[in-house]
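One-letter residues, chain by chain:
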Amino acid sequence: MNKQHWKAFAAWVNGTAPERATAPLQELPAKRQKKHPPKTDEARRVRVFSRIYHMTSLVVCLSVVCVLLYTLFHLPLFGAEDNPAVNEVVERYVTQGLTETGAVNVVTGMILDYRAFDTFGESSVLFLAVSCVMMLLLKDQNNTSFADILQLQHERETEREISDPILQKVVSVVVPCILLFGIYVVLNGHLSPGGGFSGGAIMGAGLILYSAAYGMDAVSRFFTHKTFRTLTATALLCYALSKAYSFFTGANDLPSCIPLGIPGAILSSGLILVLNICVGLIVACTMYGFYVLFTKGEF
C-alpha cells in the first residue's frame, strides 16, 4: 500500500476524508442490504402461520393419543359378563348359529350368512383395488413402446438363464401341496377354522412361489388376464346372486329351496360352501394379480 492510500485511510479515520474516499465505504451497507433484504409483512405472516400450524398439529396429535389411551384403559375386560359385546346378537350366533346356518364353524356362519352383505363388500373392494392397479400399471399394445418390448424380452431371457434347477425341483413338489391345502381350507371352511379368505391367500401364495421359481411365462400358460377377469367376475356375480336369493327369501319369510344338509358333512350349510369357493377364488386371483402387476406390469 503506497503513501496516498495511507493518507486516504487516515483521513477516513479522522472524519476529514473527501466524498470520493468515503463513497466506496458508503456503498458497502447498500450491498449488504441487497444480500440481506429486510423482512416484509408477508414473511412475518408466513413465519407466524408456520409456528401456529406446528403447535396446533402437536396439540391435536397429543389430544388424540390421550383420548385413545383413556379409552383403552376404560375398556371392559375380554370375556367379562358386563362387556357390551356380549349381547343378544352374540348369544344368537353361539346358540342358534348351527341350527340356522348349518355351519359347524360359527365364525364362517356369521361371516357368510349373518354378515354376508359385509363380506360381499370386502370382496368387491379387493376386485376394485386390483382393477384400479390394472388401469394404472397394465401394459398392452396401446401403452408399450418398442423399447419396452425389447426390455421385457431381455428380462425373460435373463430369467431363463439364472433359473435355479434345485429351487424349481423343490417348488414342483411343494406348490401342489400348497394349492391342495388351500383348496382343503376353502372347502372345509364351514367345518373347521379357515374359509375363503385364508384358503385363497394360501393358493395365491402358491402361485406367487411358482412364478418366482419358473418365471411368469410358466404361470401365464394357464393363468392369463382373461382368466383373471373370468374368475373374478364369475365369482362376484355368483356371490351376489346367491345372497340376493337368501336375502329375498329371508326378508319375505319364504322357505329356502336349498337344504342346510347334515352339520359336519362336506355338502352342508346351504350356500356357505359356494360362497367360500367364490371368496377363495377372488382372494387368490387378487393376490397373484397384485404380484404380477407390480413386478412386470402385465399378466
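See above for the structure.
Here the structure is a predicted model, which is why all the values come from computation and not from measurement.

Asker: Explanation requested: the layout of surface pockets in the structure shown.
Answerer: The gaps left among the atoms become clear once a water-sized probe is rolled over them. Estimates place the volume of the largest pocket at around 440 Å³. Forming the walls of the largest pocket are 20 residues, and the residues nearest its centre are Glu-100, Asp-113, Lys-243, Ser-246 and Thr-249. If you list the elements that add at least two residues to the lining of the largest pocket, you get helix H4 (88-101), helix H5 (106-114), helix H11 (225-251) and helix H12 (272-295). Top element by residues in the lining of the largest pocket is H11. It accounts for five residues. Class assignment for the residues of the lining of the largest pocket results in nine nonpolar, seven polar and four charged.

Asker: How should the packing of H5 against H12 be read in this particular structure?
Answerer: Angle between the axes and distance between the axes are the two parameters that describe a pair of packed helices. Orientation of H5 relative to H12, taken along the N-to-C sense of each, is 85°, at an axis distance of 10 Å. Of the possible angle classes, the one that applies to H5 and H12 is roughly perpendicular. Together, Thr-108, Gly-109, Leu-112 and Asp-113 of H5 and Ile-272, Leu-275, Asn-276 and Val-279 of H12 make up the contact between the two elements. Residue classes in the contact of H5 with H12 are distributed as four nonpolar, three polar and one charged.

Asker: How should I be thinking about the pattern of salt bridges in this particular structure?
Answerer: Side-chain pairs of opposite charge can arise where the charged atoms are in close proximity. For the structure on display, the rule yields three salt bridges. The partner of Arg-45 in a salt bridge is Glu-42, with the nearest N and O atoms 2.5 Å apart. Placement of both Arg-45 and Glu-42 in helix H3 (residues 41-73) is noted, with a separation of three residues, approximately one turn of the helix. Among the ionic pairs, Glu-100 bridges to Arg-92, the shortest N-O distance being 2.5 Å.

Asker: Any chance you could explain H11 here in plain terms?
Answerer: Each turn of an α-helix holds 3.6 residues, which means side chains three or four residues apart point in the same direction. Compared with the 39 Å implied by 1.5 Å per residue over 27 residues, the 38 Å span of H11 between its first and last C-alpha is a close match. Every buried residue of H11 is accounted for by Phe-228, Thr-232, Ala-235, Leu-236, Tyr-239, Ser-242, Lys-243 and Thr-249. Summarising the contacts, the buried residues of H11 are in contact with H5, helix H6 (116-137) and H12.

Asker: Can you walk me through the nonpolar core in this structure?
Answerer: Nonpolar side chains tend to gather and get buried jointly when the protein is soluble and globular. Counting 13 residues, the largest nonpolar core has Val-130, Met-134, Phe-223, Phe-228, Tyr-288 and Leu-293 as its most contacted members. Counting residues per element, the ones that place at least two in this core are H6, helix H10 (216-219) and H12. Counting twelve residues, the second-largest nonpolar core is a separate cluster that includes Ala-103, Ile-272, Leu-275 and Val-283.

Asker: What am I meant to see in unusual backbone geometry here?
Answerer: Across residues other than glycine, the phi torsion is negative in most instances, and most of the peptide bonds are trans. Positive phi values are uncommon outside glycine, yet Ser-269 reaches one of about 65°. Within the secondary structure, Ser-269 sits in the loop between H11 and H12. Overall, Ser-269 belongs to the buried group, its relative accessible area being 2%.

Asker: Looking at this structure, how should I read the side chain of Thr-249?
Answerer: Checked against the element boundaries, Thr-249 lands in helix H11. Separated by 3.0 Å, the side chain of Thr-249 and the backbone oxygen of Ser-246 make a polar contact.

Asker: Can you help me understand the packing of aromatic side chains in this one?
Answerer: According to the stated counting rule, one finds nine aromatic pairs in the structure shown. Ring centres of Phe-181 and Tyr-184 lie 6.4 Å apart, and the angle between their planes is 25°; this geometry places the pair in the stacked category. With Phe-181 and Tyr-184 both in helix H8 (residues 165-187) and three residues apart, this pair spans about one turn of that helix. For the pair Tyr-210 and Tyr-214, a centre-to-centre distance of 4.8 Å together with 25° between the ring planes defines the contact as stacked. Pair noted here: Tyr-210 and Tyr-214 are both in helix H9 (residues 196-214), with a separation of four residues, about one helical turn. Looking at Tyr-214, the relative accessible area reads 30%, which means it is partly exposed. Three or more aromatic residues joined by ring pairs form one cluster here, namely Tyr-210, Tyr-214 and Phe-222.

Asker: Before we go on, may I ask you to explain the packing of H6 against H11 in this structure?
Answerer: Look at H6 against H11: their axes get within 11 Å of each other, and the N-to-C directions meet at 160°. When the interaxial angle is binned, H6 and H11 end up roughly antiparallel. In the crossing of H6 with H11, the sense of the turn from one axis to the other is left-handed. Taking contact as the criterion, the partners of Ala-116, Phe-117, Thr-119, Phe-120, Ser-123, Ser-124, Phe-127, Val-130 and Met-134 in H6 are, on H11, His-225, Phe-228, Thr-232, Leu-236, Tyr-239, Ala-240, Lys-243 and Phe-247. Split into classes, the residues belonging to the contact of H6 with H11 amount to eleven nonpolar, five polar and one charged.

What counts as what
Residues numbered from 1 in each chain as written. Predicted model: local features only at pLDDT ≥ 70, side-chain atom pairs only at ≥ 80, totals over all residues. Heavy atoms only, no water. 1 Å grid on protein atoms, 1.4 Å probe; cavity = no way out; pocket = protein on both sides within 12 Å on 5 of 7 lines; lining within 4 Å. Points joined across faces, edges and corners; volume = space filled by probe spheres on them. Helix = DSSP H or I, 4+ residues; strand = E, 2+ residues; numbered from the N terminus. Nonpolar A, V, L, I, M, F, W, Y, C, P; charged D, E, K, R; others polar. Axes fitted to C-alpha atoms, helices over the stretch in contact; angles between N-to-C directions. Parallel < 35°, antiparallel > 145°, perpendicular 65-115°, else oblique. Contact = heavy atoms within 4.5 Å. Salt bridge = Lys/Arg side-chain N within 4 Å of Asp/Glu carboxyl O. Expected span 1.5 Å × (residues − 1). Buried < 20%, exposed > 50% of the residue type's maximum accessible area, 1.4 Å probe, protein only. Core = buried A, V, L, I, M, F, W, Y, C linked by side-chain atoms within 4.5 Å. Polar contact = N/O pair within 3.5 Å; in protein donor to acceptor, adjacent residues only side chain to side chain. Phe/Tyr/Trp six-rings, centres within 6.5 Å; stacked < 30°, edge-to-face > 60°. Left-handed = near helix turned anticlockwise from the far one by under 90°.

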